[in-house]
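Analysis of the macromolecular model
Here's the letter readout for the chains.
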Amino acid sequence: MSNPQQLRYSKEHEWLSAAADGVSTVGITEHAANALGDVVFVQLPEVGDAVTAGESCGELESTKSVSELYSPVDGEIVEVNQDVVDDPSLVNSAPFEGGWLFKVRVTGEQEELLSADEYTAYTAG
Amino acid sequence: MSSTEELRHTALDALHRSLGATMTDFAGWDMPLRYGSERDEHTAVRTRAGLFDLSHMGEIAVTGPQAAALLDFALVGNIGGVKPGRARYTMICRADGGILDDLIVYRLAETEYLVVANASNAQTVLDALVERSAGFDAEVRDDRDAYALIAVQGPESPGILKSLTDADLDGLKYYAGLPGTVAGVPALIARTGYTGEDGFELFVKPEHAVELWQALTEAGAGVGLVPCGLSCRDTLRLEAGMPLYGHELSTALTPFDAGLGRVVKFEKEGDFVGREALQEAAERAAAKPPRVLVGLVAEGRRVPRAGFSVVSGGEVIGEVTSGAPSPTLGKPIAMAYVDAAHAAPGTPGVGVDIRGTHEPYEVVPLPFYKRQK
């Protein structure tokens with residue numbers, strides 16, 4: 001699998017787009033989606049919620065387990081992906097595209113975000 | 001088994017890796033969890049056919065003039081009454097009635113049985129049978145390394161197997177097994193399984209496993225057979241309402257507590273391990289119904305997991321033993337032990353505590369899914 005170069009990555013396996021107008025898009029990586037198996041339920045934060053880097057803001061339920069969804073940054077939720085709530089399999093089929101999870105107005109960043117190459121090395125090890 | 005110990009590998013290990021399987025540690029074995037999407041694998045078994053490597057299951061041969069008498073003493077079922085060529089679902093219990101394992105016993109010949117134990121309990125069952133064989137003219141042999149086990153399950157499985165064997169599959173009933181040849185390989189062909197579908201389990205020598213797997217793959221290619229992992233095996237058996245040791249069954253429960261008292265055959269001749277305790281358990285169950293194993297179907301989409309509390313009116317009334325999203329029903333389902341007062345299908349007000357939220361669930365009879373015959 002290849003991790004898109006233009007994104008940055010958390011060690012909790014979220015990806016984060018560059019902040020356009022201060023707003024970044026967040027999803028989980030293909031590596032994480034593969035590890036989860038078929039995702040069957042996603043619980044996302046609500047628009048207007050304040051999120052904190054490294055803290056849980058939702059959950060992803062797969063056939064075998066449930067995983068916390070963490071925000072990679074401090075910020076305020078400005079949009080959530082209703083398509084993925086309606087069809088959680090988008091997380092598996094298009095984790096970097098249609099399976100995005102939420103958009104956040106970034107007010108502070110987690111220090112340890114990785115580049116694509118660093119994340120690839122991180123998940124290989 | 002601790003994580004520092006070497007995982008055991010089946011004869012099909014390299015093949016699983018070449019197929020891109022996600023592997024998992026299961027009872028000390030490195031087993032395929034899934035090859036692609038577990039939901040697709042599940043659906044394939046329900047509608048077409050699936051191929052499973054079950055070589056981790058524990059085979060124990062029991063032979064000799066008193067093999068039947070030994071098994072009647074060691075297990076709770078009437079094993080002497082099984083006709084050669086047939087198989088029976090049974091249990092092995094402790095003296096206190098607690099379930100050590102659930103088993104399938106094949107009677108291969110008059111004085112020859114094959115006992116198949118769960119991987120996680122194989123050593124326990126072997127030790128118990130050896131211990132209980134004292135004084136019987138019978139031999140208990142660890143045959144775990146003698147067999148690879150491949151299952152082909154699903155509505156297309158009879159057709160697939162027929163193209164590879166001359167054995168009389170039409171004459172082979174459910175819960176029966178006969179020796180034969182499949183794709184040129186000697187096999188015990190058993191019409192058993194753990195998916196709720198028609199299907200076969202093929203016991204072969206490990207050195208024949210790859211050859212047999214590949215022959216089945218080729219024979220099933222035209223009708224949509226796919227390799228399947230343990231993940232979909234679990235959702236298949238859950239939909240079919242079949243108990244899993246460590247979830248619905250444990251040493252803390254007798255067969256009567258598990259709603260499976262029918263497997264205990266008090267009428268058989270002679271004593272058997274657990275008889276006295278099981279008599280008491282049967283009387284207790286008759287006088288005061290224990291918690292009942294029921295099905296729960298979610299109204300929402302959050303999935304109940306083993307150990308979650310079942311609640312009603314703010315009170316804990318039971319516990320989930322297995323839960324998963326059901327690919328066939330399209331909703332989360334669970335098996336749970338609940339107080340008898342709340343066990344009737346349709347009982348209002350039942351929920352599952354899912355990480356602090358009481359999600360509504362409907363009580364339904366088991367199984368969730370029954371195949372059309």
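Residues numbered from 1 in each chain as written. Chains lettered and ligands numbered in written order. Predicted model: local features only at pLDDT ≥ 70, side-chain atom pairs only at ≥ 80, totals over all residues. Heavy atoms only, no water.

Selection rule: UniProt positions are given in the numbering used here, feature names are shortened, and annotations may be inferred rather than shown by experiment.
Per an unreviewed UniProt entry, chain B is named Aminomethyltransferase, and its organism is Streptomyces antibioticus. In the Catalytic activity (unreviewed entry) part of its UniProt record, chain B is described as follows: "N(6)-[(R)-S(8)-aminomethyldihydrolipoyl]-L-lysyl-[protein] + (6S)-5,6,7,8-tetrahydrofolate = N(6)-[(R)-dihydrolipoyl]-L-lysyl-[protein] + (6R)-5,10-methylene-5,6,7,8-tetrahydrofolate + NH4(+)". What UniProt states about chain B under its Function (unreviewed entry) heading is, verbatim, "The glycine cleavage system catalyzes the degradation of glycine."

In the annotation of an unreviewed UniProt entry, chain A is listed under the name Glycine cleavage system H protein and assigned to Streptomyces antibioticus. Turning to chain A, the UniProt annotation filed under Function (unreviewed entry) states: "The glycine cleavage system catalyzes the degradation of glycine. The H protein shuttles the methylamine group of glycine from the P protein to the T protein." Note on chain A: under the UniProt heading Sequence similarities (unreviewed entry), the record states "Belongs to the GcvH family."

Some thoughts on the pairing of strand β3 (residues 49-53) of chain B
All names here are of chain B. So the rule is basically this: Only protein chains enter the accessibility calculation, which uses a 1.4 Å probe; a residue whose area is less than 20% of its type maximum is buried, one above 50% is exposed, and one in between is partly exposed. Elements are defined by DSSP. Helices are runs of H or I of four residues or more, strands are runs of E of two residues or more, and each kind is numbered from the N terminus. Being paired, for any two strands, means DSSP has found at least two bridges between them.
Among the five residues of β3, five are classified as buried, and the element is accordingly described as predominantly covered. Here β3 shows no split at all, with Ala49, Leu51 and Asp53 on one side and Gly50 and Phe52 on the other all buried. As judged from the three bridges shared by β3 and strand β13 (residues 225-227), these two strands associate in the parallel manner. Its bridge partner being in β13, leucine 51 is matched across the sheet by proline 227. Sheet topology note: the β3/strand β9 (residues 148-153) ladder contains four bridges and is antiparallel. Counted as the bridge partner of glycine 50 is glutamine 153 from β9.

Quick look at the nonpolar core
Residue and element names in this part refer to chain B. To keep it simple, the criterion reads: By nonpolar core we mean a set of buried residues, namely Ala, Val, Leu, Ile, Met, Phe, Trp, Tyr and Cys, connected to one another through side-chain atoms within 4.5 Å. In what follows, residue pairs with any heavy atoms lying within 4.5 Å of each other are defined as contacts.
In terms of nonpolar packing, the biggest core is built from 30 residues, with Ile150, Leu161, Val182, Ile189, Phe200, Leu202 and Leu216 touching the most fellow members. Counting residues per element, the ones that place at least two in this core are β3, β9, α5 (157-162), β11 (185-190), β12 (199-204) and α6 (209-220). Excluding its chain neighbours within four sequence positions, the residues that come into contact with isoleucine 150 are Leu12, Leu51, Phe52, Phe200, Glu201, Leu202, Ala209, Leu212, Trp213 and Leu216. Grouped together as the second largest cluster of nonpolar side chains are 24 residues, Ala258, Leu260, Val264 and Leu293 included.

A look at the UniProt feature "domain: GCVT N-terminal" (unreviewed entry) in chain B
Taken from the UniProt record, the annotation "domain: GCVT N-terminal" (unreviewed entry) applies to residues 14-268 of chain B. Each end of residues 14-268 of chain B is marked by a C-alpha atom, and these two atoms are 46 Å apart; helix forms 24% of the span and strand 30%.

Thoughts on the UniProt feature "modified residue: N6-lipoyllysine" (unreviewed entry) in chain A
With numbering matched to this structure, UniProt assigns "modified residue: N6-lipoyllysine" (unreviewed entry) to Lys64 of chain A. With respect to the element layout, lysine 64 of chain A can be found in the loop between β6 (56-62) and β7 (66-70). The residues touching lysine 64 of chain A, leaving out its near neighbours within four places in the chain, are Ser231, Asp234 and Arg305 of chain B.

Looking at the packing of helix α2 (residues 38-47) of chain B against helix α7 (residues 230-239) of chain B
Residue and element names in this part refer to chain B. The test is simple: Inter-axis angles, ranging from 0 to 180 degrees, are taken between N-to-C directions of lines fitted to C-alpha atoms, where helices are fitted over the stretch in contact. Here roughly perpendicular refers to angles of 65 to 115 degrees, roughly parallel to angles under 35, roughly antiparallel to angles over 145, and oblique to all remaining angles. If you view the pair so one helix is near and one far, a crossing is left-handed when the near helix is turned anticlockwise from the far one by less than a right angle, and right-handed when it is turned clockwise.
The N-to-C vectors of α2 and α7 enclose an angle of 50°; their axes lie 8 Å apart at closest approach. Between α2 and α7, the angle is such that the two are oblique. Crossing hand, α2 versus α7: right-handed. Across from Glu38, Glu41, His42, Val45 and Arg46 in α2, the residues of α7 making contact are Ser231, Cys232, Thr235, Leu236 and Glu239.

Section: the UniProt feature "domain: Lipoyl-binding" (unreviewed entry) in chain A
UniProt's entry tags residues 23-105 of chain A with the feature "domain: Lipoyl-binding" (unreviewed entry), counted in the numbering of this structure. The span residues 23-105 of chain A shows a helical share of 19% and a strand share of 45%, and its end C-alpha atoms are spaced 4 Å apart.

Points about the side chain of threonine 195 of chain B
We apply this condition: Two N or O atoms count as a polar contact when they lie within 3.5 Å, although within protein this holds only if one can serve as hydrogen donor and the other as acceptor, and sequence-adjacent residues are included solely when both atoms are side-chain atoms.
Among the secondary structure elements, threonine 195 of chain B is positioned in the loop between β11 and β12. Polar contacts involving the side chain of threonine 195 of chain B include one to the main-chain amide nitrogen of glutamate 197 of chain B, which spans 3.2 Å.

Some remarks on the pattern of salt bridges
Under the convention used in this document: Basic side-chain nitrogens of Lys or Arg form a salt bridge, by our definition, when they fall within 4 Å of a carboxyl oxygen of Asp or Glu.
Taken as a whole, this structure holds 24 salt bridges over all chains when the rule is applied. The partner of arginine 302 of chain B in a salt bridge is glutamate 59 of chain A, and the shortest N-O contact between them spans 2.9 Å. Separated into two different chains, arginine 302 of chain B in the loop between β14 (292-298) and β15 (309-312) and glutamate 59 of chain A in strand β6 make up a pair that spans both. A relative accessible area of 9% means that arginine 302 of chain B is categorised as buried. When its relative accessible area of 7% is taken as the criterion, glutamate 59 of chain A is described as buried. Residue arginine 275 of chain B is joined to aspartate 271 of chain B by a salt bridge in which the shortest nitrogen-to-oxygen separation is 3.7 Å. Looking at arginine 275 of chain B, the relative accessible area reads 19%, which means it is buried. Classification of aspartate 271 of chain B as exposed rests on a relative accessible area of 52%. Several salt bridges converge on common partners, so that one network encompasses Glu59 and Glu61 of chain A together with Arg302, Arg305, Arg355 and Glu359 of chain B.

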